[in-house]
Amino acid sequence: MSSAAPRHLFVAGATGATGRTLMRQALARGVSVTPHVRPRSVSTEPACSWPKKAVLELADGPALVEAMKGSTTVLQLIGTMRKRFAAGDTYETSDIGTTRQLVDAAKAAGVDHFVLLTSVGAGSPVGAYLKAKAEAERIVRESGIPYTMVRPPALEGEYHAPPGILHALGKLPMLGNLKPMHLDQLAAVLLRISERRAPLDTALEGKRLWAEVEAAGR
């Protein structure tokens, strides 16, 4: 069920590729949004130009709860890749740990919708990456907060460059859901879901996700 009441979005992972794209669309449309920014990123572009932001570490639980107050929806867009492991990132800290911190704060702040960006394949995980996504999904699913999970296929845009074969396979009738999704399309869907607060308690992937892309006008 969609909600007609005004929505205010809290965006975790706002400085990542998906988050930056979402913020650009949200600000252009006048969506009420608070991006989370880590202190070390506050002076970087585009975060420094955002009119409103929550500058804090997610590990600071009380500050996170305070920053979330008044928000209706939390979007969890944080994730990592193996190439960032050398800098100290792990799936446990970046995908699972931050989801747990955000869920705990959202419950304390009275948030009524949690949107999780996950990945195609998380429903039947194989390998460390998808198993981490599946664990993040479990945390959200068992949180008691109405949720929407988004499981996109390979992404394209900015530094995302999927193999060309996926474009070719995506043109085949039975494999259309494998075609890469542009960051602009994904951001538009995330905003649509958040503003409508729908659909709830489900994971969107494949045909259902592409139907949302079409409904978002992308």
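As the structure is a prediction and not an experimental result, all values here were calculated from the model.

Colleague: Would you mind going over the nonpolar core with me for this structure?
Modeller: By size, the foremost hydrophobic cluster in this structure holds 30 residues, and its most contacted members are L22, L75 and L190. Counting only elements with at least two residues in this core, the list comes to β1 (9-12), α1 (17-29), β2 (33-37), β5 (113-117), α6 (183-196) and α7 (206-215). Among the elements that make up this core, the one with the highest residue count is α6 (seven residues). Sequence-distant contacts of L75, that is, excluding residues within four places in its chain, are made with L9, F10, V11, A12, L22, V115, L190 and S194. One finds Y91, V103, V111 and F114 within the second-largest nonpolar core, a separate group that totals 27 residues.

Colleague: Quick question: what am I supposed to make of α1 here?
Modeller: Think of an α-helix as 3.6 residues a turn; residues three or four steps apart then line up on the same face. The end-to-end C-alpha distance of α1, which contains 13 residues, comes to 19 Å, matching closely the 18 Å that a straight helix rising 1.5 Å per residue would cover. Every buried residue belonging to α1 is among A17, T18, G19, T21, L22, M23, Q25 and A26, and all of these are buried. Turning to α1, the residues buried within the fold contact β1, β2, β4 (73-76), β5, β7 (155-156) and α6. Count one or two residues on from α1 and you reach G30, which has phi positive near 75°.

Colleague: Can you walk me through the packing of aromatic side chains in this structure?
Modeller: Pairs of aromatic rings are described using the distance from one ring centre to the other and the angle between the two planes. According to the stated counting rule, one finds zero aromatic pairs in the structure shown. Across the ring face of W210, the terminal group of K179 is positioned such that the distance to the ring centre comes to 4.5 Å.

Colleague: How should α7 be read in this particular structure?
Modeller: Buried residues of α7: L209, W210, E212 and V213, and no others. Buried residues of α7, viewed axially, fall in a sector of 150°; they line one side. The exposed residues of α7 that point more than 90 degrees off its buried face are K207 and E214. Of the residues trailing α7, G217 is marked for its positive phi of about 80°.

Colleague: For this particular structure, what's the right way to read the sheet that holds β4?
Modeller: Backbone hydrogen bonds hold the strands of a sheet together, and the pairing may be parallel or antiparallel. Pairing is parallel in the open sheet, where seven strands are placed in the order β3-β2-β1-β4-β5-β6-β9. Each edge of the open sheet carries a strand with a single partner, namely β3 (54-55) and β9 (202-204). Bridge analysis of β4 against β5 gives four bridges, and the strand direction is parallel. In the sheet register, L75 faces β5, and the bridge partner there is V115. Along the sheet, helix α3 (residues 91-109) contacts β1, β4 and β5; its crossing angle with β4, the most-contacted strand, is approximately 175°.

Colleague: Whenever I open this one, the pattern of salt bridges confuses me. Can you help?
Modeller: Side-chain pairing between opposite charges can occur once the charged atoms of the two side chains come close. As enumerated under the stated definition, the model contains 12 salt bridges in all. When the shortest N-O distance is used, the salt bridge between E57 and R38 registers 3.2 Å. With E57 in the loop between β3 and α2 (61-68) and R38 in the loop between β2 and β3, the pair connects residues that are 19 residues apart, well separated along the chain. Judged by relative accessible area, which is 33%, E57 ranks as partly exposed. Judged by its relative accessible area of 35%, R38 falls in the partly exposed class. As a salt-bridge pair, E142 and R138 come within 2.7 Å of each other at their nearest N and O atoms. Judged by relative accessible area, R138 falls into the partly exposed class, the value being 30%. Salt bridges linked by common partners bring R7, D112 and R197 together as one network.

Colleague: Teacher, can you tell me more about the pairing of β5 here?
Modeller: Along any regular strand, the residues point their side chains to alternate faces of the sheet. β5 sits mainly inside the fold: five of its five residues count as buried. Taking the sense of rotation as the criterion, the β-α-β connection linking β5, helix α4 (residues 128-141) and strand β6 (residues 147-150) turns out right-handed.

Colleague: What is the right way to read the packing of α3 against α4 from this model?
Modeller: Two numbers describe a pair of packed helices, the interaxial angle and the distance between the axes. It is at 9 Å that the axes of α3 and α4 come closest, and there the two elements cross at 5°. Here α3 lies roughly parallel to α4, going by the angle between them. Residue-level contacts link Y91, D95, I96, T99, R100 and V103 of α3 to A128, Y129, A132, K133, E135, A136, I139 and V140 of α4. Of the residues belonging to the contact of α3 with α4, the class tally is nine nonpolar, one polar and four charged.

Reading the values: rules and limits
- Residues numbered from 1 in each chain as written.
- Predicted model: local features only at pLDDT ≥ 70, side-chain atom pairs only at ≥ 80, totals over all residues.
- Heavy atoms only, no water.
- Core = buried A, V, L, I, M, F, W, Y, C linked by side-chain atoms within 4.5 Å.
- Buried < 20%, exposed > 50% of the residue type's maximum accessible area, 1.4 Å probe, protein only.
- Helix = DSSP H or I, 4+ residues; strand = E, 2+ residues; numbered from the N terminus.
- Contact = heavy atoms within 4.5 Å.
- Expected span 1.5 Å × (residues − 1).
- Phe/Tyr/Trp six-rings, centres within 6.5 Å; stacked < 30°, edge-to-face > 60°.
- Lys NZ or Arg CZ within 6 Å of the ring centre and 35° of its normal.
- Arc of directions from axis to C-beta.
- Pairing = 2+ DSSP bridges.
- Axes fitted to C-alpha atoms, helices over the stretch in contact; angles between N-to-C directions.
- Salt bridge = Lys/Arg side-chain N within 4 Å of Asp/Glu carboxyl O.
- Right-handed = clockwise from strand over helix to strand, strands pointing away.
- Parallel < 35°, antiparallel > 145°, perpendicular 65-115°, else oblique.
- Nonpolar A, V, L, I, M, F, W, Y, C, P; charged D, E, K, R; others polar.

None of the figures reported here should be taken as evidence of function without further support.
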